[in-house]
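Chain and residue survey
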Amino acid sequence: MESISHKLIDVNGISMHVAEKGPEDGPAILFIHGFPELWYSWRHQILYLSVRGYRCIALDLRGYGGSTAPPSVSSYTIFHLVGDLIALLDSLSLPQVFVAGHNCGAIIAWNLCMFRPDRVKALVNLSVAFMPRNPAVKTVDYFRSLYGDNYYVCRFQKRILSILIASKFQKSGFTGGINYYRCMDINWELTAPWTGAQINVPTKYIVGDVDLTYHYPGIQDFIHKGGLKTHVPLLEEPVVIKGAGHFIQQERAQEISDHIYEFIKIF
């Protein structure tokens, strides 16, 4: 880990902590973490891909770790999050990158590709499949209808976790990360112009077969019977890893690193 460089970069009105390894003139890949994680969740892939000539860039999203945590919920909309990434790429003079996302980071990556496909060479997303906007029901109401008020997405609308799982969260706490969930319905409203929009970026999707996200009602039919491909027309055959759970890039680090490399090396 000592060979990974760290810096703070001013982007989009915040200071963003960025971890980086690999040749500056190599093809760049941007890693986007999920909740409740940090850049560190991609450490295995950073080491694996950097020695193969890739410039690996992993950030702490706004509200996490070493990055600024704005106090207002309204500072965590999908436009802020994607705007941070575009500003980061501009700051690093990178017109286009490969992107890998996990969990909430996958959701951000899907939206990055939907809003700015010109900035993404290819996408590898883990765990969370693309969920097309349903104009008939807000996101939180959808989850509430499936799992009730005690589902974590619903509880996050009002409650804050008091526990800390790592020292990095002692600086920013969990509020920033929880604000991502509190913006779900705001994002549903803001993204109305993209209802029905496709993800027109070459994409690989990987999920563990014991990941909760692979067991949402109807999700397996959506993934394997053409629904996901309809919305992501450049999608490769989805990969389901037996026995793998939600934090798949850490649980199955070698397999995920291999999948990412074998996919992006063709571009």
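Residues numbered from 1 in each chain as written. Predicted model: local features only at pLDDT ≥ 70, side-chain atom pairs only at ≥ 80, totals over all residues. Heavy atoms only, no water.

The chain is annotated in an unreviewed UniProt entry as AB hydrolase-1 domain-containing protein from Rhynchospora breviuscula. On record in UniProt, under Sequence similarities (unreviewed entry), the comment for the chain is "Belongs to the AB hydrolase superfamily. Epoxide hydrolase family." (UniProt positions renumbered as here; feature names shortened; annotations may be inferred.)

**Notes on the UniProt feature "domain: AB hydrolase-1" (unreviewed entry) in the chain**
When the UniProt feature table is mapped onto this chain numbering, "domain: AB hydrolase-1" (unreviewed entry) sits at residues 27–133. With 32% helix and 21% strand, residues 27–133 has end C-alpha atoms that lie 32 Å from one another. (Helix = DSSP H or I, 4+ residues; strand = E, 2+ residues; numbered from the N terminus.)

**Some words on the sheet that holds strand 2 (residues 14–21)**
Adjacent strands of a sheet pair through backbone hydrogen bonds, lying either parallel or antiparallel. As summarised here, the arrangement of the eight strands in space is 1-2-4-3-5-6-7-8, forming an open sheet in which the pairing is mixed. A single partner strand is all that each edge strand has here, and the edge strands are strand 1 (5–11) and strand 8 (239–241). Here the average twist between neighbouring strands, direction ignored, is 20°. Most of the contacts of helix 2 (residues 78–91) go to strand 1, to which it runs at about 110°, and overall it touches strand 1, strand 2, strand 3 (28–32), strand 4 (55–59) and strand 5 (97–102). Running over the sheet, helix 3 (residues 104–115) touches strand 3, strand 5, strand 6 (120–126) and strand 7 (203–208) and is turned about 150° from strand 6. (Pairing = 2+ DSSP bridges. Axes fitted to C-alpha atoms, helices over the stretch in contact; angles between N-to-C directions. Contact = heavy atoms within 4.5 Å.)

**What about unusual backbone geometry?**
Backbone torsion omega between F35 and P36 reads -5°, so that peptide bond is classified as cis. Looking at the secondary structure, you find P36 in the loop between strand 3 and helix 1 (43–50). In this structure, N103 takes a positive phi of about 60° despite not being glycine. Along the chain, N103 falls in the loop between strand 5 and helix 3. The backbone of S127 sits at a positive phi, close to 75°, despite the residue not being glycine. Residue placement: S127 occurs in the loop between strand 6 and helix 4 (139–147).

**Examining the environment of Y64**
Mapped onto the secondary structure, Y64 falls in the loop between strand 4 and helix 2. Its relative accessible area of 1% is what places Y64 among the buried residues. Considering only alpha carbons, one finds Y64 and L38, 26 residues apart in sequence, at a separation of 6.7 Å. (Buried < 20%, exposed > 50% of the residue type's maximum accessible area, 1.4 Å probe, protein only.)

**Digging into the pairing of strand 2**
For strand 2, a buried count of eight out of eight residues is recorded, marking the element as mostly surrounded by other parts of the structure. Covered by surrounding structure in strand 2 are I14, M16, V18 and E20 together with S15, H17, A19 and K21, the residues of both alternating faces. Here strand 1 runs beside strand 2; their pairing, made up of seven bridges, is antiparallel. Residue S5 lies in a different strand from strand 2, and its bridge partner there is E20. Once strand 1 ends, the chain turns through two residues before running back antiparallel as strand 2, passing N12 with a positive phi of about 55°.

**Examining the nonpolar core**
One finds I29, L30, L49 and L88 to be the most contacted residues of the largest nonpolar core, which totals 90 residues. In terms of residue count, helix 3 provides more of this core than any other element does, nine residues in total. Filtering out sequence-adjacent residues up to four positions away, L88 remains in contact with I9, V11, M16, V18, L30, I57 and L59. (Core = buried A, V, L, I, M, F, W, Y, C linked by side-chain atoms within 4.5 Å.)

**What about helix 12 (residues 253–264)?**
Here helix 12 spans 17 Å end to end across 12 residues, near enough to the 16 Å set by a 1.5 Å rise per residue. Of the positions making up helix 12, those classed as buried are A253, I256, S257, I260, Y261, F263 and I264. What you see down the axis of helix 12 is that its buried residues fit within an arc of 170°, all on one side. (Expected span 1.5 Å × (residues − 1). Arc of directions from axis to C-beta.)

**Digging into the state of the cysteines**
Evaluation of the coordinates by the stated rule reveals zero disulfides. The cysteine C104 is free of any disulfide, with C183 supplying the nearest cysteine sulfur at 11 Å. (Disulfide = S-S within 2.5 Å.)

**With respect to the pattern of salt bridges**
Counted by the stated rule, this structure contains 11 salt bridges. A salt bridge links D118 to R116, with the nearest nitrogen and oxygen atoms 2.9 Å apart. Under the relative-accessibility criterion, D118 is labelled partly exposed at 42%. The residue R252 makes a salt bridge to E255 at a minimum N-O spacing of 3.1 Å. A residue is classified by how much of its surface remains accessible, and E255, at 34% relative accessible area, is partly exposed. Linked by salt bridges that have partners in common, K7, E20 and R55 make up one network. (Salt bridge = Lys/Arg side-chain N within 4 Å of Asp/Glu carboxyl O.)

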